[in-house]
Protein chains: 2
Amino acid sequence: MSHSNHAHDYPACCQPDNGASLGTNATLAEPLSADGTPELGKTYTVPARCGRAVRLKAGEVIRIVNTHGTQVCDTWLFNAEDLSEFLSMEHARAHIDRVIPKPGDELFSNRRRAIGKLLTDTSPGVHDTLIAACDLHRYTNLGVEGYHDSCADNMRLALQAIGLRAREVPQPFNLWMNIPVKADYSIEWLPPVSKAGDYVEIEAVMDCVVVMSACPQDIVPINDLNPVEVHFSVSA
Amino acid sequence: MSHSNHAHDYPACCQPDNGASLGTNATLAEPLSADGTPELGKTYTVPARCGRAVRLKAGEVIRIVNTHGTQVCDTWLFNAEDLSEFLSMEHARAHIDRVIPKPGDELFSNRRRAIGKLLTDTSPGVHDTLIAACDLHRYTNLGVEGYHDSCADNMRLALQAIGLRAREVPQPFNLWMNIPVKADYSIEWLPPVSKAGDYVEIEAVMDCVVVMSACPQDIVPINDLNPVEVHFSVSA
């Protein structure tokens, strides 16, 4: 865990809003292309603790690879034409009658239509749809002083790096995040059960911007206390 | 179930956006006062299929009563000073390590601080935090033609009736909604397990606007297929 020693002296411009602007990190300077359009078939890296945004045309498929098996990847899908429409887990759950999507399931947007479809999942299918993206407030509450990378910042910065801005940070599809719900409705925070090289494939049902964050959580053991990179590629 | 026979001829002004404006109903014309300030100790009705918004000062307590025992009440808390801060179930779950809050639990906002506190629950504690507010898209997908009341519209209209507007419809705290999560992560849609007269009490930790919707869902049996009214009162 790396964090500075100074207290919470955020400038006024960094006060929280729905866009959750609370700081900056390397994500902002490292778009995969100017507008996020990928080279089809090329393998890209989401570096440890960072985020990336990529454009998919309808019908294209993104493969997201848990290269080391131990990493959570917070994932968002936005309608490329209107970022106020996005994959909404609370609408998706109601559509599939499940907490966790499985291969074949449509991924519903906040307008109750398919924005994507989960095609493939080589892992045991343990993902999370219940827990908000980590943000600086989360780390402050966990005792961190000063800035800490977060999935909320990574989402915002990855979009900004390709010239886009969303007005909120939706509930992510937290790939490989292992949050069991017990019979008494309590939850636990556990390391992933996936193995190195497991991947999911998601088809874009409409033109999309997909954002991924290699979760920097290093206090709660969801990334096995060692945040690392993940990889992805897009195919037609 | 009542709905008109004409097809989906919504005017352009009613196209979906994050404010989810899709229609109107009696909620708009029936604020409990001009700005939502209640008379302390008075019992108010949320009529069947409608919504109401009420202002609470920090420290005041709202009691929401499931008068008939069979009714779901979608409930939202907004920061009265800034409606972009609200009770966020995805942040609340992470704070309490539970899917469903229980008495004593702080209710966290999307800025990871307490906006309310659940004080009392005379029911068996079965509520929902996983399912989005119903909206017209939901009813269209269920086969309804034309307008159908919805919790999303009720929230928007209840705020509008007291001169307010939120820019999104957050995941509600769905009081008494019975959505069991099974071991295989599938969910079911069942009638409430509460009894007539059960109530919850929520304390406002900051100045709040509380919005309630007596859920008009009459196709899926979460309201025992008979949407009815609920009641509430505010005390200092």
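Reading the values: rules and limits
- Residues numbered from 1 in each chain as written.
- Chains lettered and ligands numbered in written order.
- Predicted model: local features only at pLDDT ≥ 70, side-chain atom pairs only at ≥ 80, totals over all residues.
- Heavy atoms only, no water.
- Helix = DSSP H or I, 4+ residues; strand = E, 2+ residues; numbered from the N terminus.
- Rg over C-alpha atoms; globule rule 2.2 N^0.38 Å.
- Buried < 20%, exposed > 50% of the residue type's maximum accessible area, 1.4 Å probe, protein only.
- Contact = heavy atoms within 4.5 Å.
- Areas by Shrake-Rupley, 256 points an atom, 1.4 Å probe, with all protein chains shown as cover.
- Lys, Arg positive; Asp, Glu negative; His and termini not counted.
- Charge placed at Lys NZ, Arg CZ, Asp CG, Glu CD.
- Least-squares fit on C-alpha atoms with pLDDT ≥ 70 in both.
- Phe/Tyr/Trp six-rings, centres within 6.5 Å; stacked < 30°, edge-to-face > 60°.
- Lys NZ or Arg CZ within 6 Å of the ring centre and 35° of its normal.
- Salt bridge = Lys/Arg side-chain N within 4 Å of Asp/Glu carboxyl O.
- Pairing = 2+ DSSP bridges.
- Polar contact = N/O pair within 3.5 Å; in protein donor to acceptor, adjacent residues only side chain to side chain.
- Nonpolar A, V, L, I, M, F, W, Y, C, P; charged D, E, K, R; others polar.
- Axes fitted to C-alpha atoms, helices over the stretch in contact; angles between N-to-C directions.
- Core = buried A, V, L, I, M, F, W, Y, C linked by side-chain atoms within 4.5 Å.
- pLDDT = per-residue confidence, 0-100.

Looking at an unreviewed UniProt entry, one finds chain A named DUF1989 domain-containing protein, with Phytopseudomonas punonensis as its source organism.

Peer 1: Is there a simple way to think about the overall build of chain A in this case?
Peer 2: The helix and strand tally for chain A stands at 3 helices and 11 strands. When the helices and strands of chain A are listed from N to C terminus, the series reads β-β-β-β-β-α-β-β-α-α-β-β-β-β. Here the C-alpha radius of gyration of chain A, 17 Å, is about what a compact globule of 236 residues would show, namely 18 Å. Expressed along its principal axes, the backbone C-alpha trace of chain A runs to roughly 45 × 45 × 30 Å. A burial count over chain A gives 62% of its 236 residues as buried. Restricting the contact set of chain A to residue pairs at least 6 apart, pairs at least 24 apart contribute 77%. Per element, the accessible surface of chain A, about 8400 Å² overall, is 51% carbon and sulfur. Put simply, chain A has 19 plus and 30 minus side-chain charges, and the middle of one group is 4 Å from the middle of the other.

Peer 1: Please explain the relation of the copies chain B and chain A as it appears in this structure.
Peer 2: At an RMSD of 0.0 Å, chain B and chain A line up after a rotation of 180 degrees and a shift of 0.0 Å along the axis. Here the transformation between the copies is reduced to the relation of a two-fold axis. Taken together, the interface assignments show that 100% of the residues at the interface of chain B recur at the interface of chain A, consistent with an identical surface on both copies.

Peer 1: What should I look at first to understand the packing of aromatic side chains in this one?
Peer 2: Centre distance and the angle of the planes are the two values used to describe a pair of aromatic rings. Residues and elements named next belong to chain A. For the structure shown, the criterion picks out 4 aromatic pairs over all chains. On the numbers, 6.2 Å between centres and 70 degrees between planes, the contact of F78 with F86 is edge-to-face. Each member of the pair F78 and F86 is classed as buried. Directly above the aromatic system of Y199 lies the positively charged group of R63, at a separation of 3.9 Å from the ring centroid. If you follow R138 out to its NZ or CZ, it ends over the ring of W189, 4.8 Å from the centre.

Peer 1: Help me out: how do you make sense of the pattern of salt bridges in this one?
Peer 2: In total, this model carries 26 salt bridges over all chains according to the counting rule given. Between E188 of chain A and K182 of chain A there is a salt bridge, with its nearest N and O atoms 3.9 Å apart. Residue R49 of chain B is joined to D149 of chain B by a salt bridge in which the shortest nitrogen-to-oxygen separation is 3.0 Å. Taken as a pair, R49 of chain B in the loop between β1 (44-46) and β2 (51-56) and D149 of chain B in the loop between α2 (136-141) and α3 (151-161) lie far apart in primary sequence, 100 residues in all. Salt bridges sharing partners connect three or more residues here, namely D82, E85, R111 and R113 of chain A.

Peer 1: Sorry if this is basic, but what is going on with helix α1 (residues 89-96) of chain B here?
Peer 2: Since there are 3.6 residues in each turn of an α-helix, residues three or four apart along the chain are aligned in direction. All names here are of chain B. Burial analysis of α1 places 7 of its 8 residues in the buried class, the great majority of the element. Turning to α1, its buried residues number three or more, namely M89, E90, H91, A92, R93, A94 and I96. The positive-phi residue at the C-terminal boundary of α1 is D97, with phi of around 55 degrees.

Peer 1: Is there a simple way to think about the pairing of strand β4 (residues 73-79) of chain B in this case?
Peer 2: All names here are of chain B. Counted residue by residue, β4 has 7 buried out of 7 residues, so it is predominantly covered. Across the two faces of β4 the burial is the same, with C73, T75, L77 and N79 and D74, W76 and F78 all buried. Pairing analysis gives 3 bridges linking β4 to strand β8 (residues 173-175), with the strands arranged antiparallel. Of the residues in β8, the one forming a bridge with T75 is F173.

Peer 1: Would you explain the interface of chain B and chain A in this entry?
Peer 2: Contacts between chain B and chain A engage 40 residues on the former and 40 residues on the latter. Linking D135 of chain B and R112 of chain A is a salt bridge whose minimum nitrogen-to-oxygen distance equals 2.9 Å. Our enumeration of links across chain B and chain A arrives at 20 residue pairs in polar contact (both at pLDDT 80 or more). Of all the secondary-structure elements, those providing two or more residues to the side of chain B that touches chain A are β5 (82-86), α1 and α2 of chain B. Element by element, the count of residues in the side of chain B that touches chain A is highest for α1 of chain B, at 4 residues. Of the residues that constitute the side of chain B that touches chain A, the class distribution is 19 nonpolar, 9 polar and 12 charged.

Peer 1: Got a minute to help me understand the sheet that holds strand β6 (residues 106-108) of chain A in this structure?
Peer 2: Two orientations exist for strands paired in a sheet by backbone hydrogen bonds: parallel and antiparallel. Residues and elements named next belong to chain A. Overall, antiparallel pairing links the 6 strands, which are arranged β1-β11-β3-β9-β7-β6 in an open sheet. Edge positions in the sheet fall to β1 (44-46) and β6, since each has one partner strand and no second. Between one strand axis and the next, the sheet turns by 30 degrees as a mean value, whatever way the strands run. The pairing of strand β3 (residues 61-66) with strand β9 (residues 198-204) spans 6 bridges and is classified as antiparallel. Residue pairing across strands places V61 opposite E203, the latter belonging to β9.

Peer 1: Explain the nonpolar core to me, please; I cannot follow it from the model alone.
Peer 2: The nonpolar side chains of a soluble globular protein tend to be buried with one another. Counting residues in hydrophobic clusters, the biggest one holds 72 residues, and the most contacted among them are F78 and L159 of chain A together with L159 of chain B. At the level of elements, β4 (73-79), β5 (82-86), α3 (151-161) and β10 (208-214) of chain A together with β4, β5, α3 and β10 (208-214) of chain B are the ones that each hand at least two residues to this core. Residues within four places of L159 of chain B in sequence aside, it is in contact with A53, F78, L83, L164, A166, V209 and V211 of chain B.

Peer 1: Mind showing me how you'd approach the confidence of the model for chain A here?
Peer 2: It should be kept in mind that the predicted coordinates are not to be read in detail where pLDDT is low. Residues and elements named next belong to chain A. Taken over all residues, the pLDDT of chain A has a mean of 91, while the share at 70 or more is 91%. Note that pLDDT drops below 50 for residues 1-19; the model gives that stretch 45 contacts with residues more than four away or on any other chain. Per the prediction output, this complex has pTM 0.91; the corresponding ipTM is 0.91.

Peer 1: Before we go on, may I ask you to explain the pairing of strand β3 (residues 61-66) of chain B in this structure?
Peer 2: Residue and element names in this part refer to chain B. Within β3, 5 of the 6 residues are buried, which leaves it mostly tucked inside the rest of the structure. Summarising the sheet, β3 and strand β11 (residues 230-235) pair through 5 bridges and their orientation is antiparallel. Bridging from a neighbouring strand, V61 pairs with S235 of β11.

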